Amino acid sequence: MANSASGDSMLDRLVRILDAFGPEQPALTVSALARRAGVPRATAYRLVDELVRHGFLSRDDDGSVRLGLRLWEIANRSSSTRDLRLVAMPFMEDVNQVVRQNTQLAVLHDDDVLIVERLSRPGSVVNQAQVAGRMPVHLTSMGMALLAFAPAPVREEYLARHAEEVAARHPDIRRELAHIRLNGFATFDGFIDAETTGASVPILDARGQAIAVLAVVMPRGSEQLPAAVMALRTAARGIARGLAQPRPGTGSGPGDGSG
């Protein structure tokens with residue numbers, strides 16, 4: 001694929017354009033998009049026209065652009081999280097009925113917590129998590145549960161890459177992670193929102209390593225926290241069993257140790 005004068009390929013520029021959108025920037029002018037993506041404005045206009053024509057971007061009446069439905073369609077057709085979401089949803093609904101607060105499903109991806117699914121209710125506490133959004137590992141119960149139950153090399157590499165920022169919040173991070181592994185869940189008060197508590201339970205594969213994490217966000221100091229953790233544990237075990245079952249066309253589940 002042809003490179004630009006700066007040496008980046010066309011694919012590099014396309015990825016940067018698509019990656020420029022976020023929860024706080026769902027729509028951008030082409031000029032703003034060019035700046036955020038580090039692409040010359042003339043190139044950005046040309047690539048945006050192509051992406052709009054193929055449905056990967058859509059254009060608003062005011063000329064700004066946003067991610068198109070075709071991206072969502074392709075992602076949901078073959079996403080690696082599709083089976084996870086399908087299996088997890090009934091269990092998430094059960095937890096949501098019991099706890100009556102934000103319930104979410106996440107995975108560890110590129111040194112972040114990636115939110116795969118979320119269920120909310122009217123009156124739920126404030127929650128920064130959004131589907132397809134990312135959150136910091138060491139500031140969330142989700143991230144700490146995922147890290148505690150990650151393969152040891154993954155955990156150590158993450159801690160080495162983020163040693164300074166982790167130490168600022170967790171002076172004895174390995175002791176904390178060992179405590180999470182011993183208890184089987186993580187809870188944190190007010191790291192991101194001062195008035196909330198996050199509780200998370202890992203969904204484990206046959207080796208005892210985290211495939212994903214199931215979590216709730218509740219009012220800080222809620223007496224319902226023990227019941228929420230119990231509900232999360234029950235649901236996480238059910239999801240793990242469901243993922244281990246063979247599915248039509250695959251012959252195996254993601255937690256069976258294959259691959």
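Right above here is the structure, for reference.
Predicted model, so just to flag it, every value in this text is computed and none were measured.

**Q** Explain the sheet that holds strand E3 (residues 65-67) here, please?
**A** Strands pair in a sheet through their backbones, by hydrogen bonds, and they do so in one of two ways: parallel or antiparallel. Strand order in this open sheet of three strands is E1-E3-E2, and the pairing throughout is antiparallel. Two strands in the sheet have a free side with no partner beyond their single neighbour: strand E1 (27-28) and strand E2 (57-59). Note: E2 against E3, three bridges, orientation antiparallel. From the neighbouring strand, Leu 57 faces E3, where its bridge partner is Leu 67.

**Q** Help me understand the nonpolar core, please; the structure alone is not making it clear to me.
**A** One broad rule of soluble globular proteins: the nonpolar side chains tend to lie buried together. Residues Val 95, Leu 105, Ile 203, Leu 214, Val 216 and Ile 239 are the most contacted members of the largest nonpolar core, which totals 28 residues. Broken down by secondary-structure element, the contributors of at least two residues to this core are helix H5 (82-99), strand E4 (102-109), strand E5 (112-119), strand E8 (196-204), strand E9 (210-219) and helix H10 (225-244). Among the elements that line this core, the one with the most residues is H10, at nine residues. Setting aside residues up to four positions removed in sequence, Ile 239 forms contacts with Leu 84, Val 87, Ala 88, Phe 91, Ile 203 and Leu 214. With 23 residues, the next largest nonpolar core counts Met 144, Val 166, Leu 177 and Ala 215 among its residues.

**Q** Looking at this model, I keep getting lost on the pairing of E5. Mind explaining?
**A** Along any regular strand the residues' side chains alternate between the sheet's two faces. The buried fraction of E5 amounts to six of the eight residues, a majority that puts the element mostly inside the structure. Once E4 ends, the chain turns through two residues before running back antiparallel as E5, passing Asp 110 with a positive phi of about 50 degrees. Here E5 pairs with strand E6 (residues 134-135) via two bridges, running antiparallel. Across the sheet, residue Val 113 finds its bridge partner in E6, namely Met 135.

**Q** I keep staring at the environment of Pro 23 and nothing clicks. Help me out?
**A** Relative to the helices and strands, Pro 23 is located in the loop between helix H1 (10-19) and E1. Separated by 107 residues in sequence, Pro 23 and Gln 130 place their C-alpha atoms 7.9 Å apart.

**Q** Got a minute to help me understand the packing of H1 against helix H3 (residues 41-53) in this structure?
**A** For any two helices packed against each other, the geometry is given by the interaxial angle and the distance between the axes. It is the contact of H1 with H3, at a shortest axis distance of 11 Å, that shows an interaxial angle of 75 degrees. Comparing the axis directions of H1 and H3 gives the class roughly perpendicular. Taken together, the residues of H3 that come into contact with H1 (itself represented by Met 10, Arg 13, Leu 14, Ile 17 and Leu 18) are Thr 43, Arg 46, Leu 47 and Leu 51. Here the residues of the contact of H1 with H3 sort into six nonpolar, one polar and two charged.

Scoring rules and cut-offs
Residues numbered from 1 in each chain as written. Predicted model: local features only at pLDDT ≥ 70, side-chain atom pairs only at ≥ 80, totals over all residues. Heavy atoms only, no water. Pairing = 2+ DSSP bridges. Helix = DSSP H or I, 4+ residues; strand = E, 2+ residues; numbered from the N terminus. Core = buried A, V, L, I, M, F, W, Y, C linked by side-chain atoms within 4.5 Å. Buried < 20%, exposed > 50% of the residue type's maximum accessible area, 1.4 Å probe, protein only. Contact = heavy atoms within 4.5 Å. Axes fitted to C-alpha atoms, helices over the stretch in contact; angles between N-to-C directions. Parallel < 35°, antiparallel > 145°, perpendicular 65-115°, else oblique. Nonpolar A, V, L, I, M, F, W, Y, C, P; charged D, E, K, R; others polar.

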